[in-house]
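Coordinate analysis (summary)
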Amino acid sequence: MSQRNYVNLSHFQGQAVQLHYRQQGQGKEIVLLHPSPLSSSFMQPLLDVFSKQGKAIAWDTPGYGQSDPLPATAPGLGGYVEALSQFISALGLKMPIIYGSATGAQIAIEFAKAHPDQTCGLILENAAWFHDSERDAMLDNYFPDISPKEDGSHLQLVWKMVSQLYHYFPWYDTSAEALVNESDIPLAVKQKTVLDYLIAGEEYHRAYRAAFLNEKPEKLAAVNIPTILIRWDSSLLKKYVDRLDDAGLPDNIAMLHCSTGIEARFEALTKAFSKHLGRSA
């Protein structure tokens, strides 16, 4: 099981920021960036997978889980990129692999472009391509206000969001065309996800929204370090990830396809880690 720790970024834009993280294993380091609005606890299965080959470190993105939020002077993804750079330096990590899913993938993409000297490669999941019209509609509907209400209606709203997001994408569209998963979701998983929304609070959308704005193929294509994009058939975003086949991505960005099921996904992630380990040996 992972160990839990904190690190302080003493001089982040004139403000102290404390970040929470989990780590597990020994050897080559890989930093795990979770989707929004979740936390490092969501990454425990991947900590188990990657720690078999190296040292896996999963942070709580600033403002999520138990990490302090960034100051308001750090808009967009840039603040998270700089926080990640300082996090890696504070822990004394040497050219770690960066794994990111969804929001985490977009932070990883921008980090690789801003700080290519701090990572030897990326592993990305759920890095999607949204058309402008889709993105506009999502930004209008995807992030409702969940500030506390006297009658508790905000709790019902968050439960509804979570219940639907595991079955539909985008979550607010319950049409047959938007159905992406018909499997039952355990109540414990829904409850845990709801708690992550509530812990993130009224600003739950901050990194989430910034990532949506970054889901464009030209953003990914500008990465010039070795990158492996996992193409999992069970992904909720499969339709939008598959579009990247037509994006004309450079040769340093490799597609790794895997079939349905969690075991296939874990095998693909293990293979991607091994490929990066081979390059850095």
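Preceding this paragraph is the structure being described.
So, a few notes on the structure that sits alongside this text. Computed from a prediction, not measured in an experiment: that's the story for all the values here.

Rules behind the numbers
- Residues numbered from 1 in each chain as written.
- Predicted model: local features only at pLDDT ≥ 70, side-chain atom pairs only at ≥ 80, totals over all residues.
- Heavy atoms only, no water.
- Helix = DSSP H or I, 4+ residues; strand = E, 2+ residues; numbered from the N terminus.
- Contact = heavy atoms within 4.5 Å.
- Axes fitted to C-alpha atoms, helices over the stretch in contact; angles between N-to-C directions.
- Left-handed = near helix turned anticlockwise from the far one by under 90°.
- Pairing = 2+ DSSP bridges.

Now for the environment of phenylalanine 143. Position of phenylalanine 143 relative to the elements: it lies in the loop between helix H4 (132-141) and helix H5 (153-165). Separated by 29 residues in the primary sequence, phenylalanine 143 and tyrosine 172 have C-alpha atoms spaced 9.8 Å apart. In this structure phenylalanine 143 touches Tyr204, His205, Tyr208, Arg209 and Phe212, once residues within four positions along its chain are discounted.

The next thing to look at is the packing of helix H3 (residues 103-114) against helix H7 (residues 206-214). Between H3 and H7, the shortest axis-to-axis distance is 9 Å and the interhelical angle comes to 65 degrees. For the pair H3 and H7, the sense of crossing is left-handed. Taking contact as the criterion, the partners of Thr103, Gln106 and Glu110 in H3 are, on H7, Ala207, Tyr208, Ala211 and Asn214.

This part is about the sheet that holds strand E7 (residues 227-232). If you trace the eight strands from one edge of the open sheet to the other, you get E1-E2-E4-E3-E5-E6-E7-E8, paired in mixed fashion. A single partner strand is all that each edge strand has here, and the edge strands are strand E1 (3-12) and strand E8 (253-258). For this sheet the average axis-to-axis angle between neighbouring strands, irrespective of direction, equals 25 degrees. Note: strand E3 (residues 29-33) against strand E5 (residues 97-101), four bridges, orientation parallel. Paired with valine 31 across the two strands is isoleucine 98, which belongs to E5. Contacting E1, strand E2 (15-24), E3, strand E4 (55-59) and E5, helix H2 (residues 78-90) runs over the sheet at an angle of about 115 degrees to E1.

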